[in-house]
Amino acid sequence: MSPLDFYQDNRFMNMLTRLHSKTTFNHIMEFISQNFKEYLPFEKVGLALVDEEEECINNRKVISDISSSSFGFEIPYYGTDLKEIIEMGIPKVINNLEVYFEKNPSSFWPIRILGEGFLATLILPLKVRDKGVGIIFFGHHSPNIYTQTHIDFLRFISTHVSTVFEKSFLMRELALTTVMGLANLAEKRDLETGQHIKRIKYYSRALAVELATNSIYKHKIDEEFIQDIYDFSPLHDIGKVGISDAILRKPGKLTPEEFEEMKKHTIIGKEILEAIEENLKKKGFSFFKMGIEIVYSHQEKFDGSGYPQGLKGEEIPLSARLVSVCDVFDACSLDRVYKKAYSLEECYRIVEEGKGTHFDPVIVDSFMNIREKIEKIYHRFHD
Ligand SMILES: [Fe+2]
Ligand SMILES: [Fe+2]
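Now for a quick tour of the structure. Given the structure is predicted, the values throughout are model-derived calculations rather than measurements.

Analysis parameters
- Residues numbered from 1 in each chain as written.
- Chains lettered and ligands numbered in written order.
- Predicted model: local features only at pLDDT ≥ 70, side-chain atom pairs only at ≥ 80, totals over all residues.
- Heavy atoms only, no water.
- Helix = DSSP H or I, 4+ residues; strand = E, 2+ residues; numbered from the N terminus.
- Rg over C-alpha atoms; globule rule 2.2 N^0.38 Å.
- Buried < 20%, exposed > 50% of the residue type's maximum accessible area, 1.4 Å probe, protein only.
- Contact = heavy atoms within 4.5 Å.
- Areas by Shrake-Rupley, 256 points an atom, 1.4 Å probe, with all protein chains shown as cover.
- Lys, Arg positive; Asp, Glu negative; His and termini not counted.
- Charge placed at Lys NZ, Arg CZ, Asp CG, Glu CD.
- Donors = N, O, S within 2.8 Å, 3.2 Å for Na, K, Ca; no water.
- Tetrahedral: all angles 85-135°; square planar, octahedral: opposite > 155°, others 65-115°.
- Salt bridge = Lys/Arg side-chain N within 4 Å of Asp/Glu carboxyl O.
- Arc of directions from axis to C-beta.
- Disulfide = S-S within 2.5 Å.
- 1 Å grid on protein atoms, 1.4 Å probe; cavity = no way out; pocket = protein on both sides within 12 Å on 5 of 7 lines; lining within 4 Å.
- Points joined across faces, edges and corners; volume = space filled by probe spheres on them.
- Nonpolar A, V, L, I, M, F, W, Y, C, P; charged D, E, K, R; others polar.
- Domains from an automatic or database assignment.

### Looking at the overall build of the protein
Within the protein, the secondary structure is distributed over 16 helices and six strands. Relative to its length of 383 residues, the protein is compact, with a C-alpha radius of gyration of 23 Å against a globular reference of 21 Å. Relative to its full complement of 383 residues, the protein shows a buried share of 53%. Within the protein, contacts between residues separated by at least 24 positions form 66% of all contacts whose residues are at least 6 apart in sequence. Here the protein has roughly 17500 Å² of accessible surface; of this, 52% comes from carbon and sulfur atoms. Taking the average location of the 48 positive side-chain charges in the protein and that of its 58 negative ones, the two points are 2 Å from each other.

This is how it looks when you write it as structure tokens:
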């Protein structure tokens, strides 16, 4: 089909209009998965974005007819042909991955991105303000399935997908940058270091990846959950911007009245994020659902003795249960005005002691499974 044919096809034009109304990565990907099949054969479609800090590319959303294959996290990106494809910005067809591997032996990324057994792939590079930021990829088990018509379709649709993606990407970035500014401010007043926030982010993500392999939680954790945990765990104490220095920096134990004041940081945090989320919703966007859960419920305890609501067990959102383990562990390892830093061994012991009372026992077990990763992160972001 030529571009003219597409423009004259009413169903296609209608689909295009609906595509432009999508505002989140998830909605865009779900829309593509449901509506592109008429024009393009695929059994799997995914979104993978470049993480510059980690120098890798990560799956952000994968929709597959066949299986929910393993998470593609930390796939090497620099020095690969994938980087070239993204920088060129032109859709790429690989109709036989076996042949492609033979010619490009270093191209192991499709296996990680697509999962096992896919032989043909179409890759649509994504740019934001002319900078390559990731790809949308399609996969099929049959080699040589993609013809010139499919390529024409993808070329034609690519500007539209890029535009709608760019809008969502920039909006999320903007919202995140704003709240991260506040989170940093809260942390600077409280701890005088930015490292706690950084470690929490990495600890929480590593723990979420581990929990995704646990039979109890694997159905609740997908790529979106993992990314949200990474983005929103640093916000947990954002509400401390509203707590006075006299309480926040008090060298001794808080009086019962002061402790009541301190507890309010969960409510203040929730109100801050809810106000931003309300504004975003007016524009058709919504990003902060998990962020709100974390700030509001990270001080809850598994046995119901926490605050602000005294939630128990599974009543506490999974995201908040997960972050609370990482937060307490990291707080133990810090020097504070009212206490000395504990050794890592002591911090593990404190987490282990809280199993079933303070913390979800399954999450504690998973945390203990990844001690090696935790220590790597600890040393990487230690001041
Ligand atoms: Fe807190
Ligand atoms: Fe914290």
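Still to come is the rest of the account.
### What about the coordination of the iron ion (ligand 1)?
For the iron ion (ligand 1), the full set of protein donor atoms is Asp237 (OD), His265 (NE2), His298 (NE2) and Gln299 (OE1), at a range of 2.1 to 2.2 Å. Geometry at the iron ion (ligand 1) is irregular, judged from its four donor atoms and the angles of 86 to 169° they form at the metal. Read N to C, the donor residues that coordinate the iron ion (ligand 1) are spaced as D-x27-H-x32-H-Q. Taken as a pair, the iron ion (ligand 1) and the iron ion (ligand 2) lie 5.4 Å from each other. Taken together, the residues histidine 265 in helix 11 (residues 256-282) and histidine 298 in the loop between helix 12 (289-297) and helix 13 (318-332) connect sequence positions 33 residues apart. Take histidine 265 and histidine 298: they sit in the same class, and that class is buried.

### Structural notes on the pattern of salt bridges
Pairs can form between side chains of opposite charge whenever their charged atoms are close. Scanning the model with the defined rule gives 22 salt bridges in all. Close ionic contact of lysine 264 with glutamate 261 constitutes a salt bridge, the shortest N to O distance being 2.7 Å. Of this pair, lysine 264 and glutamate 261 both sit in helix 11, separated by three residues, roughly a single helical turn. Judged by its relative accessible area of 39%, lysine 264 is partly exposed. The partly exposed category is assigned to glutamate 261, whose relative accessible area is 34%.

### Here we look at helix 16 (residues 371-380)
Among the residues making up helix 16, those that are buried are Ile374, Ile377 and Tyr378. Down the axis of helix 16, the buried set is contained in an arc of 105°. They therefore lie on one face. Turned more than 90 degrees from where helix 16 packs its buried face, Glu372, Lys376 and His379 sit exposed.

### Let's talk about the state of the cysteines
This model, assessed by the stated rule, comprises zero disulfides. Its sulfur unpaired, cysteine 326 is 12 Å from the next cysteine sulfur, which belongs to cysteine 332. Lacking any disulfide linkage, cysteine 347 is separated from the closest cysteine sulfur, that of cysteine 332, by 4.4 Å.

### Regarding the layout of surface pockets
Here the second largest pocket is characterised by a volume of approximately 720 Å³. Together, 25 residues line the second largest pocket, and Val50, Asp51, Arg60, Phe169 and Glu173 are the ones closest to its centre. Mapped by element, the contributors of at least two residues to the lining of the second largest pocket are strand 1 (44-51), strand 2 (56-64), strand 6 (131-140), helix 7 (148-191), helix 8 (195-211) and helix 9 (223-232). At seven residues, helix 7 tops the list of elements feeding residues into the lining of the second largest pocket. Its residues placed into classes, the lining of the second largest pocket shows ten nonpolar, four polar and eleven charged. Residue assignment places the lining of the second largest pocket across two domains, with domain 1 (3-167) and domain 2 (192-380) each supplying three or more.

Shape descriptors only; they carry no functional weight alone.
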